[in-house]
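Fold and contact review
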Amino acid sequence: MSSHSAPPHLGARVPGQAVIEELLALQGRVPPRSTLQRILGVSPLSAESSPWYRGALGELVVGEILENLGPEWLVLHAVPVGAGSSDIDHVLIGPAGVFTINTKNHSGQSVWVAGRTLMVAGRKTRHLYNAAHEAARASKLLTAAAGLPVKVTAVVVIVEPKTLTIKARPEQAVVVTDAQLAGWLRRSSPVLAWAELARISGVAVQPGTWHKRPAAQNDPQLLQQNFDALRHLVVQARRRRAAWALGVPAVILLALVNGASLGAAILHRLAGH
């Protein structure tokens, strides 16, 4: 099968597809690790590709959550939009409405939100603005394609943060963690009739609804397989680094203990003479 084939509709795309494509392209320029580097657990990722890898992991986490919502929800991943290479991480359509979901992998970091401000580890971001822009763009495109007004809610999902503090309600988008996402969606009140839902879903899966010049797409399954292979190498390297981190201090301690015992034995024998 060719690695470039046009899917029948956007529902064929996998979570994080656009990010994975960029990640694998960057990794293709990274020299193979030496035998010593592999033994020592040096990461196969370059400094340039590491953020893309983290982004892909975040979109995969959120994608799995969305896929498990149930058959009444249509989930689209990595939706190409506009005229260039931009994409929307996830578009979700169901009885509770239409949502654009912007995934941010800030695992282990503190996130603070109030009004129009979202800070990560004390630094301001453009997450809320970007999410609101995506939702407005999606609303305009879906309204034009469906022939009826389509309201779109912007959502920012923070993946595995250390903490999420909502000091004041965000004005431009809903902000939730990945652990909160499914519950929040299921608690949302229905706003779309089935006829509206079917009409919006029908146009949403068409690439031409979103992009001015829809291009042939990489094989989603092949991309997923290549990413899984890279992920295996990254995890393997991390485990080897952890083993070295635990093993080296133990070896040093053992050497010190043995050295002290050997020294004591020599002194004892000299004292005996």
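Here, the structure is the one placed above.
Every chain is numbered independently, its residues counted from 1 as its sequence is written. With pLDDT at 70 or above as the cut-off, local features in this predicted model cover only qualifying residues; side-chain atom pairs require 80 or more to be listed or tallied, and sums for whole chains, interfaces and linings still use all residues. The side-chain values count all of the structure's non-hydrogen atoms but skip hydrogen atoms and water molecules.

Here we come to the sheet that holds strand E2 (residues 87-94). If you walk across this open sheet you meet the 5 strands as E1-E2-E3-E7-E9, and the pairing is mixed. Looking at strand neighbours, the two that pair on one side only are strand E1 (74-80) and strand E9 (174-177), the edges of this open sheet. With direction set aside, neighbouring strand axes in the sheet form an average angle of 30 degrees. For E2 and strand E3 (residues 97-105), the ladder comprises 5 bridges, and the chain directions are antiparallel. Considered in E3, the bridge of Ile-93 is made with Val-98. In what follows, residue pairs with any heavy atoms lying within 4.5 Å of each other are defined as contacts. Here an angle of 0 to 180 degrees is reported between the N-to-C directions of two axes, which are lines fitted to C-alpha atoms, with helices fitted over the stretch in contact. Strands here mean DSSP runs of E at least two residues long; helices mean DSSP runs of H or I at least four residues long; both are numbered from the N terminus. With respect to the sheet, helix H5 (residues 178-187) is in contact with E2, E3, strand E7 (152-159) and E9, its orientation differing from that of E9 by roughly 120 degrees. Note on pairing: DSSP must find at least two bridges between two strands before they are called paired.

Salt bridges, as used here, are contacts in which a Lys or Arg side-chain nitrogen is within 4 Å of a carboxyl oxygen on Asp or Glu. Under the defined criterion, the tally for this structure stands at 1 salt bridge. The salt bridge involving Arg-116 is made with Glu-171; its shortest N-O contact spans 3.1 Å. Highlighted residues: Arg-116 in the loop between strand E4 (110-114) and strand E5 (117-120) and Glu-171 in the loop between strand E8 (163-166) and E9, separated in sequence by 55 residues. Glu-171 shares its class with Arg-116; the two are exposed. For each residue, the accessible area found with a 1.4 Å probe, counting protein chains only, is set against the maximum for its type, and the residue is called buried under 20%, exposed over 50%, and partly exposed in between.

Let us look at the sheet that holds E5. If you walk across this open sheet you meet the 4 strands as E6-E5-E4-E8, and the pairing is mixed. With partners counted over all chains shown, the strands left at the sheet margins are strand E6 (123-124) and E8, one partner each. As defined by bridge partners, E4 adjoins E8 across 4 bridges and the pair is classed as parallel. Residue pairing across strands places Ser-110 opposite Thr-163, the latter belonging to E8.

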